[in-house]
Each structure stands twice: as structure tokens, then as C-alpha cells.
Amino acid sequence: MIKIRFINIITIILLSILATKVNAWSEDKEEAMALIPNLENGLRIYEKCAACHTPMGWGGNEGRYAQIAGQYVNVIIKQLSDMRAGNRDNPIMYPFSQHSVLGGPQNIADVAAYISRLPMSPNNEVGPGIDLERGALLYKEHCVKCHGENGVGSNEDFYPRIQGQHFLYLLRQFHWFKNSQRHNAGTAMIKKFKDFNEHDMAITADFISRLRPPLELTAPVGWHNPDFPFIQIRH
């Protein structure tokens, strides 16, 4: 009985610590969204991000790192907040989202604004092009309500821009949704993916990867970020 009570006390303490942490970060998130960003400071912070997401913010075709260029400010802030609070399981990003590395609300606002202004890749990775008609139907049935006809998403509602995202990255996230590894996903979204089989996920991800961002958000072919003139570009 004493052992059980001791375990219960430890559990209560840990939950209390977690709740305090989540509440503190929620306050940071709200403050960050209300601040005027400093793009020069955003660039300084982004130098840490460029090692994985590339200086252009285009991520990688292998599916490990997302294209984040052109993403909405509020979406970036929310995802960082979810990682920091443990609501999104991402072991690679978790250390970089912590206060000791990322800093407070102003730094969050600054780096989110800098990333959002980067032009998107003109050549993101797409899938094999199989059964795209059914992929389009699945997208229309399950995704359009939140992400829009062309994957544009919504800054106000925290729905990510998914147009122009890499095929393998999308597919990897789909698996995480299906397996309940993306803890910050809404219950409705997780429920949708429970009914998706491997083929459904592949063709839907392929269709989304082919949704093109508007030309004004897309970099010209061969563009390199001039803020990183001395860094070898990884494609």
C-alpha cells in the first residue's frame, strides 16, 4: 500500500511539472504571435536550423527533414511550441526547441518570420505518379476541409501549408498519424488515417506533393539563399 501511494505521489508531481511546463510554453506561444519580428535576429537563429533544413529552408528529398520555407508564421510557432512541450514527438527537433537553445518569445517570433519569408523549392520531391486520380479523390474527401483545394492551409487556424511538400516527408508523417505518433494532431485527423492502407497513404501523399505553391512564393530554379554565401548547398 505504501509503495502504491508513493508511486501515485510521484505521478502527481510529474504531471504537475508537465502541466506547468505546457502552460508556460503556451504563454510564450501567444506572446510570440503578438510580437513584431526582427528578421536580422531571425536569420541569426535560423543558422542553427540550416544544418538540417538547408539555408533555403527546403529540407531534403529523403523524407527526414521537411520543407519549411514559405510556411505560415503561426504554424511554425505552434509546431515549435508543441515540440517544446512534448506534444509532438520529435527527438531531433526537441533539443533545438528548448528555451536554452531557441530562447524566448521574441526569438520564436523572429525565426518563424524569417522562415516564412523564404521562397519555396521549385523542385520538391514527388511520388511515382501511380493512381493519382484516386489520390485526388482521397485528398478531396479527407483533407480539403482544413488544407484547402490546393493545400494552402491557414495561418489563422494553424493548418500547415502542405503544397510543395516532399513526398517521402508527407508519407512519413502519414504513418505517424496512423500509428498515433503525432500527438499534436487532432483526433479527427488521426481517425481518418486509421482507415488508410499503405496504398491510400502513398497515392494521397503523391497527389499532395504535386500541388504547386503560387509563383510569387516559389524560388527561381538555381536560387541560393544570399544570407548564406559561404555555405555549400546540400540538395
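For the structure, see preceding data.
Procedures and definitions
Residues numbered from 1 in each chain as written. Predicted model: local features only at pLDDT ≥ 70, side-chain atom pairs only at ≥ 80, totals over all residues. Heavy atoms only, no water. Helix = DSSP H or I, 4+ residues; strand = E, 2+ residues; numbered from the N terminus. Buried < 20%, exposed > 50% of the residue type's maximum accessible area, 1.4 Å probe, protein only. Contact = heavy atoms within 4.5 Å. Areas by Shrake-Rupley, 256 points an atom, 1.4 Å probe, with all protein chains shown as cover. Polar contact = N/O pair within 3.5 Å; in protein donor to acceptor, adjacent residues only side chain to side chain. Core = buried A, V, L, I, M, F, W, Y, C linked by side-chain atoms within 4.5 Å. Phe/Tyr/Trp six-rings, centres within 6.5 Å; stacked < 30°, edge-to-face > 60°. Lys NZ or Arg CZ within 6 Å of the ring centre and 35° of its normal. 1 Å grid on protein atoms, 1.4 Å probe; cavity = no way out; pocket = protein on both sides within 12 Å on 5 of 7 lines; lining within 4 Å. Points joined across faces, edges and corners; volume = space filled by probe spheres on them. Nonpolar A, V, L, I, M, F, W, Y, C, P; charged D, E, K, R; others polar. Axes fitted to C-alpha atoms, helices over the stretch in contact; angles between N-to-C directions. Parallel < 35°, antiparallel > 145°, perpendicular 65-115°, else oblique.

**Q** Explain the overall build of the protein to me, using residue names and the numbers behind them.
**A** A count of helices and strands for the protein gives 11 helices and zero strands. Mapped in sequence order, the helices and strands of the protein form the string α-α-α-α-α-α-α-α-α-α-α. Residues counted as buried form 47% of the 235 residues belonging to the protein. Restricting to contacts in the protein with at least 6 residues of sequence separation, those with at least 24 account for 76%. About 12800 Å² of surface is accessible on the protein, with carbon and sulfur atoms providing 61% of the total.

**Q** Explain the environment of N61 residue by residue, including any values.
**A** Considering the arrangement of structural elements, one finds N61 in the loop between helix 2 (39-53) and helix 3 (73-85). Linking N61 and H166, residues 105 residues apart in sequence, is a C-alpha distance of 6.1 Å. Leave out the neighbours within four places in its chain, and N61 touches E125, H166 and L168. There is a polar contact of 3.3 Å between the side chain of N61 and the side chain of H166.

**Q** Can you break down the nonpolar core residue by residue, with the values?
**A** Counting residues in hydrophobic clusters, the biggest one holds 26 residues, and the most contacted among them are Y46, L80 and V111. Looking at this core, the elements with two or more residues in it are helix 2, helix 3 and helix 6 (105-116). Core analysis: the second largest hydrophobic core is formed by 20 residues, L138, V144, A205 and I208 among them.

**Q** Talk me through the packing of aromatic side chains; I want residue IDs and the actual numbers.
**A** In the structure shown here, the tally under the stated rule is seven aromatic pairs. Ring plane angle 80 degrees and centroid distance 6.1 Å describe the contact between Y46 and F228, whose orientation is recorded as edge-to-face. Residue Y46 is located in helix 2, and its partner F228 is located in the segment after helix 11 (198-209); the two are separated by 182 residues in the primary sequence. Of the residues examined, F228 reaches a relative accessible area of 6% and is grouped as buried. Ring centres 5.5 Å apart and planes at 50 degrees place the aromatic pair Y139 and F207 in the tilted group. Of this pair, Y139 sits in helix 7 (residues 132-142) while F207 is found in helix 11, placing the two residues 68 residues apart along the sequence. Each member of the pair Y139 and F207 is classed as buried. By the ring-pair criterion, three or more aromatic residues cluster together here, those being F174, F177, F193 and F196. One cation-aromatic arrangement involves K29 over F158; the distance from NZ or CZ to the ring centre is 5.7 Å.

**Q** Any chance you could break down empty space enclosed by the protein for me, citing the residues and the numbers?
**A** With a probe scaled to a water molecule rolled over the atoms, the places where space remains empty come into view. Across all of its chains, the model carries one cavity of 30 Å³ or more by this definition. Space inside the largest cavity adds up to approximately 40 Å³. Residue composition of the lining of the largest cavity, by class: two nonpolar, four polar and one charged.

**Q** Can you lay out the packing of helix 2 against helix 6 for me, pointing to particular residues and giving the numbers?
**A** It is at 7 Å that the axes of helix 2 and helix 6 come closest, and there the two elements cross at 80 degrees. Accordingly, the angle class assigned to the pair helix 2 and helix 6 is roughly perpendicular. Of the residues in helix 6, those in contact with L39, N41, G42, L43, R44, I45, Y46 and C49 of helix 2 are N107, D110, V111, A113, Y114 and I115. Its residues assigned to classes, the contact of helix 2 with helix 6 comprises nine nonpolar, three polar and two charged.

**Q** Quick rundown of the packing of helix 7 against helix 11? Include the residues and the values.
**A** Direction vectors running N to C along helix 7 and helix 11 enclose 85 degrees, while the axes themselves pass 8 Å from each other. Considering the angle they form, helix 7 stands roughly perpendicular to helix 11. The residues of helix 11 that touch helix 7, namely those facing L132, R134, G135, A136, L138 and Y139, are D200, I203, T204, D206, F207 and I208.

**Q** So what's going on with unusual backbone geometry? Residues and values would help.
**A** Negative phi characterises most residues that are not glycine, and trans characterises most peptide bonds. Phi at D131 is positive, roughly 55 degrees, even though this residue is not glycine. D131 gets classed as partly exposed once you look at its relative accessible area, which sits at 34%. Look at F158: it is not a glycine, yet its phi comes out positive at around 65 degrees. Residue position: F158 is located in the loop between helix 8 (144-147) and helix 9 (167-178).

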